[in-house]
Amino acid sequence: MLIRIAKSNLVFQYLLVFVVSLLLAGKAFASKGFLDGNTWLAWFLHLAWALAIGWIAAKHRLTRNPGLLALIFLCLDVAHAGMDYSSRIWVYPIFIISFHYGLSIYGKEKPYPAIFNSAFFWSASTVFCPELLFSLPCFFIILLSYSATSWRELGSALLGIGVPYWLAGTYDFLWQDDLLVRIWDKALIFGIPGFSPDILLPGLLGLFCSVISFLAMLSLKKNLQDLDMAERHRASALTALFLYFCVFTVATRIHPDTIFPLFIPSAFFCTKFLINLKRESAKDMILLAIIVLSLLACYF
């Protein structure tokens with residue numbers, strides 16, 4: 001019933017996102033006070049970035065249910081990153097802009113500006129969040145999914161990736177700083193991931209959504225004939241992003257609040273699975289499980 005109402009009602013979808021966002025922030029408000037400015041700022045930013053993901057997905061015809069996609073992204077994001085304010089949350093819009101330009105590559109006669117912009121903002125996000133440095137090869141895997149393999153396209157990607165680090169090197173030279181060294185030191189995160197009780201519930205939520213995403217990818221493969229060529233390429237790009245970050249997350253000591261790029265394709269595939277699933281009761285149970293797990297991760 002819940003999914004059936006949401007599927008045909010965008011207002012209800014966004015109302016659900018708003019209500020759940022307040023519930024996710026409940027513990028932070030209770031512990032720090034309802035008038036705490038940083039908590040309100042963190043709540044607003046998490047909500048804004050989730051809505052931006054939904055809007056971009058709708059703009060690029062990835063989904064007709066952007067509110068549900070935003071809701072699942074928000075649940076994954078807050079469950080892993082928490083509702084405390086952190087300067088790292090400002091890395092989100094940089095990567096989201098890269099995501100937007102990345103989805104704009106296909107179907108253009110000369111996609112070089114879109115490729116450059118996407119690569120530039122992806123690379124810039126790794127300057128501010130060095131733990132994501134080793135995600136950069138994923139950008140070229142995504143280009144392969146778009147069949148963007150000419151020397152001009154690859155050159156645009158390399159130039160876009162290089163410019164933020166050239167700017168960082170220029171900053172080091174002019175101000176006698178060691179920014180590039182600090183970035184490299186923070187980027188060396190390969191090794192066995194650590195474990196603590198605090199990441200148990202967020203980990204369960206991430207695993208649950210990952211399993212649903214894998215099931216959605218299998219069902220999407222069966223229904224490729226219903227998608228136009230642009231949608232197929234964008235779905236392939238999201239598949240590459242999801243699989244790469246799954247491996248990247250397992251193989252590194254990356255902190256849970258830095259894996260937000262994984263939540264974008266996870267939210268997309270979970271939304272697809274919920275919409276395409278035949279049993280209405282199962283749809284509602286899965287959505288409620290995602291919301292409840294995210295709330296438990298925030299409160300316990």
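A tally of helices and strands in the protein chain yields 14 helices and zero strands. Viewed in the frame of its principal axes, the protein chain has a C-alpha envelope of about 55 × 50 × 35 Å. For the protein chain, with 300 residues in total, the buried portion stands at 49%. When contacts within the protein chain are restricted to residue pairs at least 6 apart in sequence, long-range pairs at least 24 apart make up 77% of them. In the protein chain, the 22 positive side-chain charges and the 17 negative ones have mean positions that sit 11 Å from each other.

Now for empty space enclosed by the protein. Scanning all chains against the criterion turns up two cavities of 30 Å³ or more. Of the pockets and cavities examined, the largest cavity occupies roughly 130 Å³. In this structure, the largest cavity is lined by 13 residues; those nearest its centre are Phe99, Gly102, Trp122, Ile142 and Leu241. Partitioning the lining of the largest cavity into residue classes produces ten nonpolar, three polar and no charged.

Let us now look at helix H8 (residues 137-145). Owing to its 3.6 residues per turn, the α-helix brings residues three or four apart onto one side. Listed as buried for H8 are Cys138, Phe139, Ile142, Leu143 and Ser145. In an axial view of H8, the angular spread of the buried residues amounts to 155°, which keeps them on one side of the axis. Once H8 finishes, Ser147 follows within two positions and takes phi at roughly 60°, a positive value.

Our next topic: the packing of aromatic side chains. Per the counting criterion, the structure on display carries 22 aromatic pairs. Seen from their ring centres, Phe120 and Phe121 are 5.3 Å apart, and the 85° between their planes marks the pair as edge-to-face. Judged by its relative accessible area of 21%, Phe120 is partly exposed. Ring plane angle 70° and centroid distance 6.1 Å describe the contact between Tyr244 and Phe245, whose orientation is recorded as edge-to-face. Phe245 gets classed as buried once you look at its relative accessible area, which sits at 0%. By the ring-pair criterion, three or more aromatic residues cluster together here, those being Tyr92, Phe95, Trp122, Phe139, Phe140 and Phe260.

Turning to helix H4 (residues 37-59), a few remarks are in order. With 23 residues, H4 extends 32 Å from end C-alpha to end C-alpha; this agrees with the ideal 33 Å at 1.5 Å per step. By the burial criterion, the buried members of H4 are Thr39, Ala42, Trp43, Leu45, His46, Leu47, Trp49, Ala50, Ile53, Gly54, Ile56 and Ala57. Trailing H4 by a residue or two, Arg61 shows a phi angle of about 60°, which is positive.

Quick look at the packing of helix H13 (residues 260-276) against helix H14 (residues 280-299) now. The contact between H13 and H14 brings their axes to 8 Å, and the two run at 155°. Here H13 lies roughly antiparallel to H14, going by the angle between them. Listed contacts from H14 to Phe273, Leu274 and Ile275 of H13 are Lys283, Ile286 and Leu287. Residues of the contact of H13 with H14, tallied by class, amount to five nonpolar, no polar and one charged.

What follows deals with the pattern of salt bridges. Within this structure, the stated rule accounts for five salt bridges. Note that Glu131 and Arg88 form a salt bridge whose closest N and O atoms lie 3.3 Å from each other. Of the two residues, Glu131 sits in the loop between helix H7 (112-128) and H8 while Arg88 sits in the loop between helix H5 (66-81) and helix H6 (91-103), which places them 43 residues apart along the sequence. Take Glu131: its relative accessible area is 15%, and that puts it in the buried class. Within this structure, Asp177, Asp178 and Arg182 form a network of salt bridges that share partners.

What follows covers the state of the cysteines. In this structure the tally under the stated criterion is zero disulfides. Among the cysteines around Cys138, which has no disulfide bond, Cys246 carries the closest sulfur, lying 11 Å off. Relative accessible area serves as the criterion here: at 0%, Cys138 is assigned to the buried category. Left without a disulfide partner, Cys246 is nearest to the cysteine sulfur of Cys270, which lies 11 Å away. Taking relative accessible area as the criterion, Cys246 reaches 17% and is therefore assigned buried.

Rules used in this analysis
Residues numbered from 1 in each chain as written. Predicted model: local features only at pLDDT ≥ 70, side-chain atom pairs only at ≥ 80, totals over all residues. Heavy atoms only, no water. Helix = DSSP H or I, 4+ residues; strand = E, 2+ residues; numbered from the N terminus. Buried < 20%, exposed > 50% of the residue type's maximum accessible area, 1.4 Å probe, protein only. Contact = heavy atoms within 4.5 Å. Lys, Arg positive; Asp, Glu negative; His and termini not counted. Charge placed at Lys NZ, Arg CZ, Asp CG, Glu CD. 1 Å grid on protein atoms, 1.4 Å probe; cavity = no way out; pocket = protein on both sides within 12 Å on 5 of 7 lines; lining within 4 Å. Points joined across faces, edges and corners; volume = space filled by probe spheres on them. Nonpolar A, V, L, I, M, F, W, Y, C, P; charged D, E, K, R; others polar. Arc of directions from axis to C-beta. Phe/Tyr/Trp six-rings, centres within 6.5 Å; stacked < 30°, edge-to-face > 60°. Expected span 1.5 Å × (residues − 1). Axes fitted to C-alpha atoms, helices over the stretch in contact; angles between N-to-C directions. Parallel < 35°, antiparallel > 145°, perpendicular 65-115°, else oblique. Salt bridge = Lys/Arg side-chain N within 4 Å of Asp/Glu carboxyl O. Disulfide = S-S within 2.5 Å.

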